[in-house]
Amino acid sequence: MEEKVIRISGSITVDELAKALGLPVTQLIGELFKNGIMATINQRLDFETASIMVEELGMKNVRFERKENSAKLPGLNRELSADAEVRPPVVAVMGHVDHGKTTLLDTLLKKKTVEGEAGGITQHISAYQMEYEGRKITFLDTPGHEAFAAIRQHGAMLTDIVVIVVAVDDGVKPQTKEAIKFAEAANAKIIVALNKIDKPGANIDQTKAQLATEFNLNPEEWGGDTVMVPVSAKMNQNLDKLLDMILLVADMDELKADRKIPAEGLVIESHMETGKGATVNLLVTGGELKVGEFIVAGSTWGKVRTMLDWRGKPKGKAGPSTPVVVTGFKDLPKFGDKFEEFTDEKSARRAALLNAQSVAGDSASANVTSADLLRMMNTADNSKVFNVIVKGDVLGSVTSVVDSLRMIDTGGEITLNIVSTGVGAITENDVYLSVGENTVIYGFNVDCPNAIARLAERDGVKVKIFKVIYELLDDAKQEMEAMLEGEVVETATGSMTLKGVFRTEKTEIIAGGEVTSGRVSPGQKGRVYRKKELLGEVDVTNTQAGKVDVSGLMEGETGGISLKTDKKMLLQIGDRLEFFTREIKKKTL
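Remember, it's a predicted structure, so these values are computed and weren't measured experimentally.

Draft legend 1. Here's a closer look at the overall build of the chain. A count of helices and strands for the chain gives 14 helices and 33 strands. Residues classed as buried in the chain amount to 47% of the 589 residues present. For the chain, long-range pairs separated by at least 24 residues make up 71% of all intrachain contacts whose partners lie at least 6 apart in sequence. As displayed, the chain offers around 30000 Å² of accessible surface, 48% of which is attributable to carbon and sulfur atoms.

Quick look at the structure:
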């Protein structure tokens, strides 16, 4: 069999390793679990740990190699299918403060936002979509450059074209330089909008020369490859030429996307709105998002309750490169989070749970090292896992509870897994994190709102609130003891030698014999031996002395006995019965 080489740079996630090995991620997580590691899909394994796990899986045709760290950012872009369709370009408009980028967008979109902005400066990222010459163009109006940088850092190379607005009466400024750097780093095409050509003192050639000499952005008319369009956003001058250039550059790149895939994209804004809850601005990058679909972004999920276009009008579905505003998320997703569509609520909740566990794992111990794995493998057995979520009134309380829980001696039979911790009341997200058996949410000096209590009851999640730490620890101990399998204890009670067999049915035998030791009575169990061979087990249902039912037969007495069997058993004179009681004793910690 051909050897498979997997190159790892420092560490690799469980998901990435499973894909590289061609295994279901659940199988790999299960193997880690067997070795005492409660791993999540996004948890990172170091080089040695990954190698050990492959040995445990018995995969002898796999070899690992170390590779240098790569600075390449992951993107939302996936390999396109043959059915991919042309999509609208996504255009980020950037520029120095007061150079007119928002005015440019307002004029293009025929809207008035500048007056509403604090000091006329964009306070948050906004997404719009317009039609020109029968084609759509999506615009992002960014607040300076931090938002654009954050989008890049999340691996979302969603911007195709960056329009850099430069006021020709002011020239290149610090934020202009930053915008150029970001555009180049994002590998986006650059179009320069030379704005304010209507202003006195406007010097178009001087601005072009500055861009050419300082940033190697040479205008096409000077023999370069950078599109530069002189415009006046305020006077609506040459804006049609700017739009023509945007579409031309987009056509040259042959921008396409798949519609026949689950919807995906990015979170561009999110906030809480009275009466609506979490209100989230999304940019769809693939598939078609529809009202009623389940989506996950980071550690939160939701069902799209309403969807509006950028003008606030209801929208039934949104294809690639389309900005929309949706409601229905359970919590606010973070800016830059990737969102994905899921087929049902259960899948969405599970994906959000895995993401949340990954975040929780990152805060405690993001990486599993080979030393950790070997230590866990040496102590791991078939122990059960007790999952706990701890919420406290202050961080000190949470720390005390968690430390005390970890000090409970379980003899290695129960593994304590702290799923997550936090300060404040029990929340909906805590309940979603708790889905699964052997999980308890412990609240210490905090409240559980009625709505959350009802949700927990519906999902079968245990929520327990305490004000005394010892009471909480006692309860946790009882919960873990309930998970322990009872110990089977057998006690010998007597023996009998058969003197006669009177009737044999399929599941019943009536016989007689002499008690050679101890006592025989109904309710006891017995093992039947023929010399040294064990024939099977029986239950004593009745004892008789002189054809009269008695409570039992003592040593030296002869009497009749009724036996119940689970299979037909042919007994003979001389067979020996050894009687005993069997009980299951509950283990304690």
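Further notes follow.
Draft legend 2. Spatial organisation of the pairing of strand E29 (residues 533-545). Examined bridge by bridge, strand E28 (residues 525-530) and E29 share 6 bridges and lie antiparallel to one another. Looking across to E29, one finds that Arg 527 is bridged to Glu 537. The turn linking E28 back onto E29 is made up of 2 residues, and Lys 531 within it adopts a positive phi angle of 60°. When E29 meets strand E32 (residues 558-564), the two strands line up antiparallel, connected through 5 bridges. Its bridge partner being in E32, Asn 542 is matched across the sheet by Ser 562. Bridge count for E29 against strand E30 (residues 548-550) is 3 bridges, and the pairing is antiparallel. Pairing of Gln 544 across the sheet is with Asp 549, part of E30. Taken together, E29 and the strand that follows it, E30, pair antiparallel across an intervening segment of 2 residues, in which Gly 546 is found at a positive phi of about 60°.

Draft legend 3. Main features of the pattern of salt bridges. For the structure on display, the rule yields 25 salt bridges. The salt bridge involving Lys 208 is made with Glu 221; its shortest N-O contact spans 2.3 Å. Placement of the pair is Lys 208 in helix H7 (residues 204-215) and Glu 221 in the loop between H7 and strand E11 (227-230), with a sequence separation of 13 residues. A salt bridge links Glu 537 to Arg 582, with the shortest nitrogen-to-oxygen separation between them at 2.9 Å. On the criterion of sequence distance, the pair formed by Glu 537 in strand E29 and Arg 582 in strand E33 (residues 576-585) is long-range, its members being 45 residues apart. Among the residues examined, Arg 582 registers a relative accessible area of 35% and is labelled partly exposed. By sharing partners, the salt bridges in this structure join Glu 85, Arg 259, Glu 288 and Lys 290 into a single network.

Draft legend 4. Here's a closer look at the sheet that holds strand E17 (residues 300-308). Around the barrel, which closes on itself, the 6 strands sit in the order E13-E14-E19-E17-E16-E20 with antiparallel pairing between neighbours. The sheet shows a mean angle of 45° between the axes of neighbouring strands, taken without regard to direction. The sheet contact formed by strand E16 (residues 294-297) and E17 spans 4 bridges and is antiparallel. By the bridge assignment for E17, Val 296 is matched with Trp 301.

Draft legend 5. Seen up close, the nonpolar core. Leu 104, Phe 139 and Ile 246 are the most contacted members of the largest nonpolar core, which has 29 residues in total. Those elements that provide at least two residues to this core are strand E6 (90-95), helix H4 (101-109), strand E7 (126-132), strand E8 (135-141), strand E9 (161-167), strand E10 (189-195), E11 and helix H8 (239-253). With 7 residues, the top contributor of residues to this core is H8. In this structure, Ile 246 is in contact with Pro 89, Val 91, Ile 137, Phe 139, Ile 161, Val 163 and Ile 191, ignoring residues within four places of it in sequence.

Draft legend 6. Spatial organisation of the confidence of the model for the chain. Taken as a whole, the chain shows an average pLDDT of 81; of its residues, 83% reach a score of 70 or greater. Element-level pLDDT for the chain is lowest in helix H5 (residues 146-153), with a mean of 42, against a maximum mean of 96 in strand E15 (residues 289-290). Note that pLDDT drops below 50 for residues 68-76; the model gives that stretch 16 contacts with residues more than four away or on any other chain. Under a pLDDT of 50 for its full length, residues 114-124 has, in the predicted model, 17 contacts with residues more than four places off or in other chains.

Draft legend 7. Local environment of the sheet that holds strand E23 (residues 414-423). With respect to topology, 4 strands assemble into an open sheet ordered E23-E22-E24-E25, the strand pairing being parallel. Each edge of the open sheet carries a strand with a single partner, namely E23 and strand E25 (462-466). Neighbour-to-neighbour, the strand axes of the sheet open up by a mean angle of 25°, direction not taken into account. Examined bridge by bridge, strand E22 (residues 384-392) and strand E24 (residues 439-444) share 6 bridges and lie parallel to one another. Looking at the pairing, Ile 389 lines up with Ile 441 of E24.

Draft legend 8. Spotlight on the packing of aromatic side chains. Summed over the entire model, instances satisfying the criterion amount to 4 aromatic pairs. Ring centres of Tyr 128 and Trp 310 lie 5.4 Å apart, and the angle between their planes is 90°; on these two criteria the pair is classed as edge-to-face. Taken together, the residues Tyr 128 in strand E7 and Trp 310 in the loop between E17 and strand E18 (317-318) connect sequence positions 182 residues apart. A centroid spacing of 5.6 Å and a plane angle of 65° characterise the contact between Trp 301 and Tyr 432, whose relative ring orientation is edge-to-face. Within this pair, whereas Trp 301 is found in strand E17, its partner Tyr 432 is found in helix H12 (residues 428-433), the two being separated by 131 residues in sequence. Like Trp 301, the residue Tyr 432 is buried in the burial classification. For the cation-ring pair, Arg 527 lies above Phe 580, with the distance from its terminal atom to the ring centre recorded as 4.2 Å.

Draft legend 9. A look at the packing of helix H6 (residues 174-185) against H7. Packing of H6 against H7 brings their axes to within 12 Å, and their N-to-C directions diverge by 55°. As judged from the angle between their axes, H6 and H7 are oblique. Viewed along their axes, H6 and H7 form a crossing whose handedness is right-handed. Touching Lys 177, Ile 180 and Glu 184 of H6 are Leu 211, Glu 214 and Phe 215, all from H7.

Draft legend 10. Up close: the pairing of E22. E22 sits mainly inside the fold: 8 of its 9 residues count as buried. One ladder, built from 9 bridges, connects E22 with E23; its direction is parallel. In the sheet register, Asn 387 faces E23, and the bridge partner there is Asn 417.

Draft legend 11. Representation of the environment of Phe 182 within the structure. Tracing the sequence through the fold places Phe 182 in helix H6. For the pair formed by Phe 182 and Val 162, sequence separation is 20 residues and the distance between their alpha carbons is 9.2 Å.

Draft legend 12. Looking closely at H8. The end-to-end C-alpha distance of H8, which contains 15 residues, comes to 22 Å, matching closely the 21 Å that a straight helix rising 1.5 Å per residue would cover. Among all positions of H8, only Leu 239, Leu 242, Leu 243, Ile 246, Leu 247, Val 249 and Ala 250 are buried. Seen from one end, H8 has its buried residues packed into an arc of 160°, which puts them on one side. Of the residues flanking the end of H8, it is Glu 254, one or two places downstream, whose phi is positive at about 50°.

Analysis parameters
Residues numbered from 1 in each chain as written. Predicted model: local features only at pLDDT ≥ 70, side-chain atom pairs only at ≥ 80, totals over all residues. Heavy atoms only, no water. Helix = DSSP H or I, 4+ residues; strand = E, 2+ residues; numbered from the N terminus. Buried < 20%, exposed > 50% of the residue type's maximum accessible area, 1.4 Å probe, protein only. Contact = heavy atoms within 4.5 Å. Areas by Shrake-Rupley, 256 points an atom, 1.4 Å probe, with all protein chains shown as cover. Pairing = 2+ DSSP bridges. Salt bridge = Lys/Arg side-chain N within 4 Å of Asp/Glu carboxyl O. Axes fitted to C-alpha atoms, helices over the stretch in contact; angles between N-to-C directions. Core = buried A, V, L, I, M, F, W, Y, C linked by side-chain atoms within 4.5 Å. pLDDT = per-residue confidence, 0-100. Phe/Tyr/Trp six-rings, centres within 6.5 Å; stacked < 30°, edge-to-face > 60°. Lys NZ or Arg CZ within 6 Å of the ring centre and 35° of its normal. Parallel < 35°, antiparallel > 145°, perpendicular 65-115°, else oblique. Left-handed = near helix turned anticlockwise from the far one by under 90°. Expected span 1.5 Å × (residues − 1). Arc of directions from axis to C-beta.

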